[in-house]
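Structural overview
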Amino acid sequence: MQLNYINVFFQLTTYEIKIILRSTVAWITPHIFYVIIVCLFPIAIGHDQELLVSMAPGVIWVAALLATIISMGHLFQNDYHEGYLDLLLVSTYPLSLLALTKITSHWICHGLPLILISPLLGLMLNLSVEELYALIFTLLLGTPVLSLIGAIGAALTVAVKGNGLLLPMLIMPFYIPVLIFGTGIMIMTHQNMPVIAYYAMMGALVLLSLGFAPILTGQALKIGASR
Amino acid sequence: MISDYGIYIWSAYSITIFILGLNIFFALREKRKILHLLKKS
Amino acid sequence: MFAWLNKNFLSLRAFYINTTWLIPWIMTGFSLCFIYGMFTGLFIAPADYQQGDGFRIIYVHVPSAFAAMFIYLMMAICAMITLIWRVKITAICMSCSGPIGAWFTLLALITGSIWGKPMWGTWWIWDARLTSVLILLFIYLGFIALQSAIENSRTRDLATSIMTIVGIINLPIIHYSVIWWNTLHQGPTISKLSAPSIASSMLYPLLAMISAFILFYFLIVVIRMRNQILMREIKS
């Protein structure tokens, strides 16, 4: 009795989202961290408005990277320790589907708030309106890639004990291209230069990771969660 | 003629030989440790 | 057929026996290439028209950069074989190659900076090739970290294989970065299809040094793989 995959996807995603949102404090901590990091830089660097505008893309993107990496560590940990992950692995549903539900729920709960808070932070960093639009678009394209690629690392390190710095160290080299193109969009918008190439590369990254990451995450789950 | 080449070439080549030597040294030290372990057991 | 292959080449014991006579050959080959390359490169090759004698760093910079990418390619091939056919010897090869590749990448970055200072006036610049080689170094370091974090040997082999395969995307980026982005680092000197844009008296020491570094990698990785095989023998 095989349910329709689309139904399963939606039901499981809503279930995961409800679980993540159940503990409000654990959900909101990475976002507060995001805001704090972005606020640290103007405090550290000073009042020069021009300098703030020119460093705004990098600051917001690095803060988004760090906040995503922090929330990525807990993606599969709870399920692994409770045994729910083993149940998912022996069910007859394809592993890439299950990985995709996890990634989607993670992006909706941790990626969308980043995108929604970012205009406020952009105003704090003295960005103009076009640059705010560019900021929202670049984060809208970038955060799914971050969730997708980070899920592979989270699946590989799901059974590893110890401090949580292994996952950032693994995943950061793969986040660097996203960072380069994401900040490239905003820098080009600031300098009023053609920006379509960077949007195209970001779109390519989204499609590539959307195609490959769920499969790789499924395989990595099977390997990492084997006892 | 070596002194004509200046500090840059001298430092680059010496760092290279140092790192290559480090690799050989660690590989052989590992081998000595394992053979020692094998002889004991 | 696979059983014959397994018994004579792929099993740990067969690898150990085969490499016992192979190591002296690799050592002689490495010594010859290295001595010829160093001597010819440092003393016999003529000084460059623009850069003077400073260009001689090419004889350590290009071989180490080539070795860094070659080692990652070897690791990726071993990773695919390990994942698909669950062969143990390739897993051991991959885990031993990681630190060696990291050292060569570090060497490439250091010699590149030393070359950059007299040639471009700066120790470091964030252009495409330097950044992507730095990313390669981080991928190697992450590989070493992941490898030491997982205790179960089977899980460790498969997990590090997946990570290596995910990182293979970096290798085309490094290779083509000087063609796609036209920034500071110079273009490719030796390409497969066209004649090299370098004089032959400078080319032969370069090829000799590249071969020397690759033979050095094979030497070290074979020694370390034999150590690993003995270690696994002790543990079981």
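See above for the structure.
Figured I'd write up the structure that's included with this text.

Counting secondary structure elements, chain C contains 8 helices and 0 strands. Sequence-ordered secondary structure for chain C, helices as α and strands as β, is α-α-α-α-α-α-α-α. The C-alpha atoms of chain C give 19 Å as radius of gyration, which agrees with the globular expectation for 236 residues (18 Å, within 12%). Along the first, second and third principal axes, the C-alpha atoms of chain C reach 60 × 35 × 30 Å. Counting only residues that meet the buried cut, chain C has 42% of its 236 residues in that class.

Glancing now at the interface of chain B and chain C. Taken together, the contacts link 20 residues of chain B with 22 residues of chain C. Broken down by class, the residue content of the side of chain B that touches chain C amounts to 13 nonpolar, 4 polar and 3 charged.

Right, let's get into the interface of chain C and chain A. How large an interface is tends to be reported as the accessible area lost when its parts come together. Contacts between the two partners involve 14 residues from chain C and, on the opposite side, 17 residues from chain A. Contributions of two or more residues to the side of chain C that touches chain A are made by helix H5 (128-149) and helix H6 (153-166) of chain C. Residue contributions to the side of chain C that touches chain A peak at 7 residues, all from H5(C).

This part takes up the packing of helix H9 (residues 196-224) of chain A against H6(C). At their nearest, the axes of H9(A) and H6(C) sit 9 Å apart, and the two run at 160° to each other. Between H9(A) and H6(C), the angle falls in the class roughly antiparallel. Every pair of crossing elements has a handedness; the one defined by H9(A) and H6(C) is left-handed. Within the contact between the two elements, H9(A) uses Leu216(A), Gln219(A), Ala220(A), Ile223(A) and Gly224(A) and H6(C) uses Thr155(C), Leu158(C), Ala159(C), Ile162(C) and Val166(C).

Considering every one of the 2 pairs of chains in contact, the largest contact total is recorded for chains B and C. At no point do chain A and chain B touch; the closest pair of C-alpha atoms across them sits 24 Å apart.

The next subject is the packing of helix H2 (residues 12-44) of chain C against helix H8 (residues 200-235) of chain C. Any two packed helices are characterised by how steeply their axes cross, that is the angle between the axes, and by the distance between the axes. Residue and element names in this part refer to chain C. It is at 7 Å that the axes of H2 and H8 come closest, and there the two elements cross at 150°. Regarding the angle of H2 to H8, the classification is roughly antiparallel. Here the hand of the crossing between H2 and H8 comes out left-handed. Residues of the contact of H2 with H8, tallied by class, amount to 22 nonpolar, 6 polar and 1 charged.

About the criteria used
Residues numbered from 1 in each chain as written. Chains lettered and ligands numbered in written order. Predicted model: local features only at pLDDT ≥ 70, side-chain atom pairs only at ≥ 80, totals over all residues. Helix = DSSP H or I, 4+ residues; strand = E, 2+ residues; numbered from the N terminus. Rg over C-alpha atoms; globule rule 2.2 N^0.38 Å. Buried ≥ 20, exposed ≤ 12 C-beta atoms within 10 Å, placed from the backbone. Contact = placed C-beta atoms within 7 Å. Nonpolar A, V, L, I, M, F, W, Y, C, P; charged D, E, K, R; others polar. Axes fitted to C-alpha atoms, helices over the stretch in contact; angles between N-to-C directions. Parallel < 35°, antiparallel > 145°, perpendicular 65-115°, else oblique. Left-handed = near helix turned anticlockwise from the far one by under 90°.

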